[in-house]
Amino acid sequence: GPAIDASGNLYVVNFQQSGTIGKLAVGAAHSQLFTSLPAGSIGNGIRFDRQGRMFIADFKKHNVWVIERGETTPHVYFHSDRFHQPNDLAIAADGTLYASDPRFASPSGGQIWRIARGADGKGRGEVMSSTRRLGVTNGIDLSPDGATLYVSESNSKQVWAYRLDGSKLLDPRLVRGFPDFEVDGLRTDVDGRIYLARPSASKIAIIAADGSLEREVPLQGKEPTNLTFGGPDGKT
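Reading the values: the criteria
- Throughout this description, residue numbers start from 1 for each chain and increase along the sequence as written.
- Local features are withheld for residues below a pLDDT of 70 in this predicted model, meaning they are given only at 70 or higher, and side-chain atom pairs are given and counted only at 80 or more; totals for whole chains, interfaces and linings count all residues.
- In computing side-chain values, all of the structure's heavy atoms are included and hydrogens and water are not.
- Each helix is a run of H or I in the DSSP string that is no shorter than four residues. Each strand is a run of E no shorter than two, and both are numbered from the N terminus.
- For every residue, the accessible area obtained with a 1.4 Å probe (protein chains only) is divided by the maximum for its type, and the residue is called buried under 20%, exposed over 50%, and partly exposed between those limits.
- Whether two residues are in contact is decided by their heavy atoms: any pair within 4.5 Å suffices.
- The rule for pairing is simple: two strands pair if DSSP sees at least two bridges between them.
- Buriedness for pockets is judged along seven lines, at least five of which must meet protein on both sides within 12 Å for an open set on the 1 Å grid over protein atoms alone, while cavities are sets there where a 1.4 Å probe fits but cannot get out, and lining residues have an atom within 4 Å of a point.
- Grid points are joined across faces, edges and corners, and a volume is the space filled by probe spheres set on the points.
- Throughout, the ten residues Ala, Val, Leu, Ile, Met, Phe, Trp, Tyr, Cys and Pro are labelled nonpolar, Asp, Glu, Lys and Arg are labelled charged, and all others, Gly among them, are labelled polar.
- Between 30 and 60 degrees the pair is tilted, below 30 it is stacked and above 60 it is edge-to-face, where a pair is any two Phe, Tyr or Trp rings, Trp via its six-membered ring, whose centres lie within 6.5 Å.
- Each reported salt bridge corresponds to a side-chain nitrogen of Lys or Arg within 4 Å of a carboxyl oxygen of Asp or Glu.

Draft legend 1. Region of the structure containing the overall build of the chain. Tallying secondary structure elements over the chain gives zero helices and 21 strands in all. On the principal axes, the C-alpha backbone points of the chain span a range of 40 × 40 × 35 Å. In the chain, which comprises 236 residues, the proportion classed as buried is 51%. Put simply, of all contacts in the chain between residues at least 6 apart along the chain, 40% involve residues at least 24 apart.

Here it is in structure tokens:
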């Protein structure tokens with residue numbers, strides 16, 4: 001799960017070994033260790049809020065960790081034994097997190113969590129209800145206006161859109177399905193396009209909000225699982 005902070009520094013999970021987070025500072029030629037999660041925890045998705053806090057989905061120990069701006073020590077932001085294995089995160093303008101929670105052993109039973117910040121600074125999470133039975137939920141992000149949640153499903157090779165109403169996922173809409181190769185992490189840009197990682201194809205699919213495929217970008221790196229926006233302008 002890659003993520004870039006407001007200063008343009010790049011962070012990745014499992015740097016050199018599982019359970020770590022690496023950092024590639026702006027202008028640096030080499031990555032370095034940023035921090036390590038407590039023993040047994042392994043991070044996946046990373047997101048930053050507008051205050052510079054880093055949130056990490058921990059799929060092994062059923063946590064979402066937070067690291068305050070300027071610090072390197074992780075603290076439990078939210079934990080639930082009802083997590084299957086929190087995978088990727090999306091974050092709203094107000095700091096509300098949405099977490100994909102797949103059950104990879106089953107084609108159904110996937111979940112989406114909504115995690116809001118409480119007055120004590122801790123997360124308050126709940127499983128979102130849906131009018132559609134979810135598959136193996138994986139990639140996740142919000143539309144530019146924050147009203148729609150996009151979710152990719154590993155088992156169906158589809159991207160779905162849901163209208164958000166509090167803790168409800170309403171009006172499910174199939175954005176696009178793929179007959180070949182799997183789908184993984186996704187991100188949206190300011191114009192509403194969906195950038196979808198397709199590991200076995202070694203490509204990023206760029207999908208318009210109406211579901212049409214604009215183009216596919218082949219990568220030199222093999223098996224891309226996720227992507228992020230950043231760089232000096234925050235949009236690269």
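From this point, the discussion proceeds with the structure in view.
Draft legend 2. Up close: the sheet that holds strand β14 (residues 137-142). Strand order in this open sheet of five strands is β13-β17-β16-β15-β14, and the pairing throughout is mixed. Bordering the open sheet on either side are β13 (129-130) and β14, each of which pairs with just one other strand. Pairing of strand β16 (residues 158-165) with strand β17 (residues 168-177), which is carried by seven bridges, proceeds in the antiparallel orientation. Residue pairing for β17: R163 is matched across the bridge by L170.

Draft legend 3. Layout of the layout of surface pockets. The space that makes up the largest pocket amounts to roughly 1,300 Å³. Around the largest pocket, the lining comprises 42 residues; the ones closest to its centre are I4, R47, F48, I91 and F229. Every element with two or more residues in the lining of the largest pocket is listed here: β1 (3-4), β5 (43-48), β14 and β18 (186-188). Residue composition of the lining of the largest pocket, grouped by class: 18 nonpolar, twelve polar and twelve charged.

Draft legend 4. How the structure looks around the packing of aromatic side chains. Tallying each qualifying case throughout the model produces seven aromatic pairs. Ring geometry for F78 and W113: centres 5.6 Å apart, planes at 55°, overall tilted. With F78 in strand β8 (residues 75-79) and W113 in strand β11 (residues 111-117), this residue pair connects regions lying 35 residues apart in the sequence. Judged by relative accessible area, which is 9%, F78 ranks as buried. Since its relative accessible area comes to 2%, W113 is described here as buried. Three or more aromatic residues link up through ring pairs in this structure, and these residues are Y11, F34 and F48.

Draft legend 5. Structural view of unusual backbone geometry. Of note, the phi angle at H62 is positive, near 60°, even though the residue is not glycine. Looking at the element boundaries, H62 is found in the loop between β6 (54-58) and β7 (63-67). With a phi close to 50°, D171 is a non-glycine residue in the positive phi region. Note on placement: D171 falls in strand β17. The class of D171 is partly exposed, set by a relative accessible area of 49%.

Draft legend 6. Structural context of the sheet that holds strand β2 (residues 10-13). The four strands lie next to each other as β1-β2-β3-β4, forming an open sheet whose pairing is antiparallel. Of all the strands in the sheet, the pair left with one neighbour each is β1 and β4 (32-36). Examined bridge by bridge, strand β3 (residues 20-24) and β4 share four bridges and lie antiparallel to one another. Across the sheet, residue K23 finds its bridge partner in β4, namely Q32.

Draft legend 7. Summary view of the pattern of salt bridges. Under the criterion given, the structure shown has 13 salt bridges. R53 is the salt-bridge partner of E68, the closest N and O atoms lying 3.3 Å from each other. Note that E68 is positioned in the loop between β7 and β8 and R53 in the loop between β5 and β6, a separation of 15 residues in sequence. One salt bridge connects R187 with D88, and the closest N-O pair in it is separated by 3.2 Å.

Draft legend 8. Looking closely at the environment of I112. Topologically, I112 is positioned in strand β11. In this structure, the C-alpha to C-alpha distance between I112 and T188, residues 76 residues apart in sequence, is 18 Å. The contacts of I112, once residues within four sequence positions are left out, are A99, S100, E126, V127, M128, L134, T137, I140, L149, V151 and L169.

Draft legend 9. Seen up close, the pairing of β17. As defined by bridge partners, β13 adjoins β17 across two bridges and the pair is classed as parallel. Bridge assignment links S130 to a residue of β17, and that residue is L169. Hairpin connection between β16 and β17: a loop of two residues separates the two successive antiparallel strands, and G166 in this loop has a positive phi of roughly 65°.

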